[in-house]
Each structure stands twice: as structure tokens, then as C-alpha cells.
Amino acid sequence: MIHFDHDDDKPREECGVFGIYGNNEASLYTALGLHALQHRGQEACGITTFDGKRFPSERHMGLVGDHFGGDLRTRLPGYAAIGHNRYSTQGRPMLRNIQPIFADLSFGGFAVAHNGNLTNSRELRHQLVRDGAIFQSTMDTEVILHLVARSSKPRFLDRLVDALQQIEGGYALVGLTGKKLIGARDPIGLRPLVIGKLGTAYVLASETCALDIIGAEFVREVENGELVVITDDGIESIRAFPPRASSPCVFEYVYFARPDSIVQGRSIYEVRRRMGHRLAMETPADADVVVPVPDSGVPAALGYSEASGIPFGMGIIRNHYVGRTFIQPTNVGRQAAISKKHSPNRPVLEGKRVILVDDSIVRGNTSKKIVQMVREAGAKEIHLRSASPPIINPDFYGIDMAAKSELFAAIHTHEEMVRELKVDSLGFLSVPGLYAAIGEPVRNAMQPQFADHCFTGDYPTSLVDHQHDESDKERQLSLLDDT
């Protein structure tokens, strides 16, 4: 896995996908939808449309707003489109790894964009290469294209189902042919995908916030293991897998989804506020002010303040106009980037006992710098609180989570973390507390309601690519460097 934003010390997201069928301004709506999903990936973006004959396509490194504007209807005409925001979890950041990806197959053109990570993609890739397949990228998404192309099934949808039944891991994908917009979600629903409607047009998106920005009505979530096929005749549902209980990624609630999104009928903002309530109940501290680490720590800090009765204060100000610090090769560079992003609000901090609330602690890098900054601003005491349980296991389903050896809570005892962070106390939300905040009375230990493996080690699927030795995992995927 590749880690670009080490200074940010956050679990970096997998990607965001969007699709629309039945509107002559499809590319414009797709650009707006991707803009709403920008938080899910800032490395690259792409849009592919269908205009009745061809598949116009653009893919760019960077942000949606920097590339998709102006004469978009002329550049990317069509009544159907799919789009993608990328943060790489497999495949380096280069032009050939930007989605959507496209192939001319025997039945016609097929474009696909994928959110998530396939846990057996390397194994499948090596088999395909041995059989003569020629790969043009290092993305696991391209494996799906090859499996579809090589399927012996007569109909396209049967080929796609055949391909999906061979892959494992977490995924939500949108696909586009000359006649169909397709959405698919993995058998346990690890990655999110929702359906909306804009007039007579249907919309697919990673989150409901992408529906809101274009004025689309929320219809429902794509269910785990479901394919939805949208054509001129409407929408059709296909069940591609045997029934299984859903187990969506719990990090959608903790960090990934935008606060104004709705997931499984639950307001993300309200869930995070309740996380703060539980955190205050489980890890109280005598203090003068509750301060969030912005922006993601704000709802939990508000909840902590409400439950504890301790005043809330914006003791840290985030600068939203600093560009993302993608390659920071030295500690000096990383520290400088942190100071550019966060500034202390000294009147709120000076002489105060501060409860500092963040959504999670991954590597501990930023937490150390934030604590140091707050201390230098005059805080008398610092009590650090994490609105998620300790992260002690890596993720393999599309989250750019550090290796276990880099996870702060996995390699330190509680006392060691307190000393390393130089705080007066440290507290984490418990796993039962997290479930309660989401609205589940108790965690089902035999079949957890959420994929919570980063906290518990209970991985919901097999991890084929991660069961070999290190030398096997590092087999060369590509020698081409087109950065």
C-alpha cells in the first residue's frame, strides 16, 4: 500500500464514484457529484460519457474543480456518464491509473470506476498474465475488465456477474456500456453505494451528499451483493450472490462519510455527536474547555461538551486554503505542513485544562505535533480523546491504512502512548461504545454488524493476497513509469 499524506495521520479514503443515466447534461451533473465526493479522493479524477455512438473521456491528476468546468457539455457530451475521484490504495499515482478505465470488448465499449480494494487481485492478475493478458495499469480495477473480457458467458451481464463472483474484497463499482448504467456492491456491502433520481434520470453515488448537490431524490441504498442495471426501460435488480448479512465499513461513520450524508438511514453528523457523548461517559476528565482537532473532530467534540457540561471552544483553527501536501520526504517538511494546516487559537487555550478530541489516532505523527502546538500555546493540561477505539490492525479493503508495525496503538501500551504523545491523559472510545453510538445495542461477536477489523482483528473476508510471504507480495506489477 502507498501512503502519501503521512503528515495528516488519517486513514486515507478509498475513492468516490458517481454515475447518471438519462440526462443530456450528464457530464455536468457528474462533475458536481464528484465535487461533493472530493473528500473521498483528491489525487485524481475522471469522467467518461456515452453520446449514443462514442465514449468521450477525460482523466486528470488533481482536483475536480481544477479540470471539469466551462465547456464540459461540448468536451464530454452524452446522456449517460460515470465518474471517479481517486486516492490510490493499489497502483501508483500516475495517469494510467486514473479511472474510469475503458475497454473495447466483443459486445462493445465498457467503462468502469471502482471504489474499494480487491483482496485477491494480485493472485488473479498473475493468473491472467500467465494466460496472456496484457495489463495497461497497476490498478486492481483492471482485473475486472479482463475477467469480463475472458468470460465464456454469452450475455454481458452474465459476464459481469461471472467476473464479480471471482473477486474478493470490498467494492462499489459503476459501469457504463452503450445501453446500460450498472452499479454493483460487494457481497457484504463493505463499500457504500446509493441510488437517486433526478427527474426521469437515475443516479448512482458513493454518498447521499452527491445526490443533494444536484438536487436528486434519494431512492435507496444498493444492497450488499446486488447489481442494479439502469436502461431506457428503468431500473432492474439482480442478485449475483447467495444471501449474506451485510457488514459495511464502520469507518464510514468514524471518518470517511461527509457529516451531511445519510448512511443506512443514519445521520453521520448525529452518529459522530453521539460518539462524543459516549466518549465523555467512558473517559471523563476535569477540564476547562473541549477543543476539537478540526475538521473531523468537531461533531464528537460537540457531543463530548454536551455530555460533560464542559464548554466547547475552537482552540485550533484549520487553514482550508493550504494545498494538500502530497510528497513530503522529510520530517521537517511534514512538520511544516502541519503548522500550515493548523494554528492555535491562543485565547481559548492559554492557562486552560484542555480536552482535545480527534476522530481517530493512526500513526500518532500529527497527534504529537498538535499536542505540542497546544502546549506551546499555553495549555496547562492536555487530555487527548479519540472518538474511535484504538486502531490495532491494518485494512485491506480500500482504506490506505498503515501496516500494523506503523499503527500507534498496535505497537505501544497505553502508558507508552501517553508518554510518547506527552499528554496528561489519553482515552479511546470503546468498541461497545462505538456500536451504541451508531445505534446498535450490542455487537454481535459471531457476525459483527460492521466491518470493524481495524479495532478487533475480525476480518470479514479471506485475504488471499496477504497470506503469502513478503517477497511474494512484492512481486513486480509493472516496470513502466509514466508519471
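All of the points below concern the structure found in this document.

Rules and cut-offs
Residues numbered from 1 in each chain as written. Predicted model: local features only at pLDDT ≥ 70, side-chain atom pairs only at ≥ 80, totals over all residues. Heavy atoms only, no water. Helix = DSSP H or I, 4+ residues; strand = E, 2+ residues; numbered from the N terminus. Buried < 20%, exposed > 50% of the residue type's maximum accessible area, 1.4 Å probe, protein only. Contact = heavy atoms within 4.5 Å. Areas by Shrake-Rupley, 256 points an atom, 1.4 Å probe, with all protein chains shown as cover. Pairing = 2+ DSSP bridges. Axes fitted to C-alpha atoms, helices over the stretch in contact; angles between N-to-C directions. Parallel < 35°, antiparallel > 145°, perpendicular 65-115°, else oblique. Left-handed = near helix turned anticlockwise from the far one by under 90°. Salt bridge = Lys/Arg side-chain N within 4 Å of Asp/Glu carboxyl O.

Here we take up the overall build of the protein chain. Along the protein chain, the regular secondary structure elements total 17 helices and 21 strands. Per-residue burial over the protein chain gives 58% buried out of 483 residues. Taking the intrachain contacts of the protein chain between residues at least 6 apart in sequence as the baseline, contacts between residues at least 24 apart amount to 70%. Working note: accessible area of the protein chain is about 19,000 Å², and carbon and sulfur atoms make up 51% of it.

This paragraph deals with the sheet that holds strand S6 (residues 108-118). Pairing is antiparallel across the open sheet formed by six strands, whose spatial order is S5-S6-S7-S8-S12-S13. Strands at the two margins of the open sheet, each flanked by one partner only, are strand S5 (101-105) and strand S13 (234-239). Strand after strand, the sheet turns through a mean of 20° between neighbouring axes, direction not considered. Bridging between strand S12 (residues 226-231) and S13 involves six bridges; their strand directions are antiparallel. Looking at the pairing, Val-228 lines up with Ser-237 of S13. Running over the sheet, helix H4 (residues 141-150) touches S5, S6 and strand S7 (169-176) and is turned about 10° from S5.

The next point concerns the packing of H4 against helix H5 (residues 156-164). At a closest axis distance of 8 Å, the pairing of H4 and H5 adopts a crossing angle of 130°. Between H4 and H5, the crossing angle belongs to the class labelled oblique. Regarding H4 and H5, the two cross each other, and that crossing is right-handed. When H4 is examined against H5, the residues Ile-144, Leu-147, Val-148 and Ala-149 are found in contact with a partner set consisting of Phe-156, Arg-159, Leu-160 and Ala-163.

Ser-121, Leu-124, Arg-125, His-126 and Leu-128 are the residues of helix H3 (residues 121-130) that are buried. Of the surrounding elements, those touching the buried residues of H3 are S6 and H4. Phi for Gly-132, located one or two positions after H3, is positive at around 105°.

Below, the discussion takes up the environment of Asp-232. By the element assignment, Asp-232 lies in the loop between S12 and S13. Separated by 210 residues in sequence, Asp-232 and Gly-22 have C-alpha atoms that sit 7.5 Å apart.

The subject of this paragraph is unusual backbone geometry. Of note, the bond from Gln-99 into Pro-100 is cis; its omega dihedral lies within 30 degrees of zero at 0°. Tracing the backbone through its elements, the reader meets Pro-100 in the loop between strand S4 (80-86) and S5. Put simply, Pro-294 and Asp-295 share a cis peptide bond, and its omega is 0°. When you line up the elements, Asp-295 lands in the loop between strand S16 (289-292) and helix H9 (298-308). One non-glycine residue, Gln-264, adopts positive backbone phi at about 55°. Position of Gln-264 relative to the elements: it lies in the loop between strand S14 (262-263) and strand S15 (266-267). Using a relative accessible area of 31% as the deciding quantity, one classes Gln-264 as partly exposed. Despite not being glycine, Lys-422 has its phi angle at roughly 60°, a positive value.

All right, on to the pairing of strand S10 (residues 201-205) then. Within S10, five of the five residues are buried, which leaves it mostly tucked inside the rest of the structure. Residue alternation in S10 divides its side chains into two sets, Ala-201, Val-203 and Ala-205 and Tyr-202 and Leu-204, and both sets are buried. Across five bridges, strand S9 (residues 194-198) lies against S10 in antiparallel orientation. The partner of Ile-195 across the bridge, within S10, is Leu-204.

Let us now look at the sheet that holds strand S19 (residues 353-358). Spatial strand order, S16-S19-S20-S21: four strands in an open sheet with parallel pairing. Of all the strands in the sheet, just S16 and strand S21 (425-428) have a single pairing partner and so form its edges. This sheet shows a mean twist of 20° between the axes of neighbouring strands, independent of strand direction. Set on the sheet, helix H8 (residues 268-282) makes contact with S19, strand S20 (381-386) and S21; between it and S21 the angle comes to about 130°.

Let us look at the pattern of salt bridges. In total, this model carries 24 salt bridges according to the counting rule given. Salt-bridge contacts for Arg-318 lead to Asp-295; the nearest nitrogen and oxygen are separated by 3.8 Å. Placement of the pair is Arg-318 in strand S17 (residues 316-318) and Asp-295 in the loop between S16 and H9, with a sequence separation of 23 residues. The structure contains a network of salt bridges with shared partners spanning Arg-40, Arg-191, Glu-207 and Glu-252.

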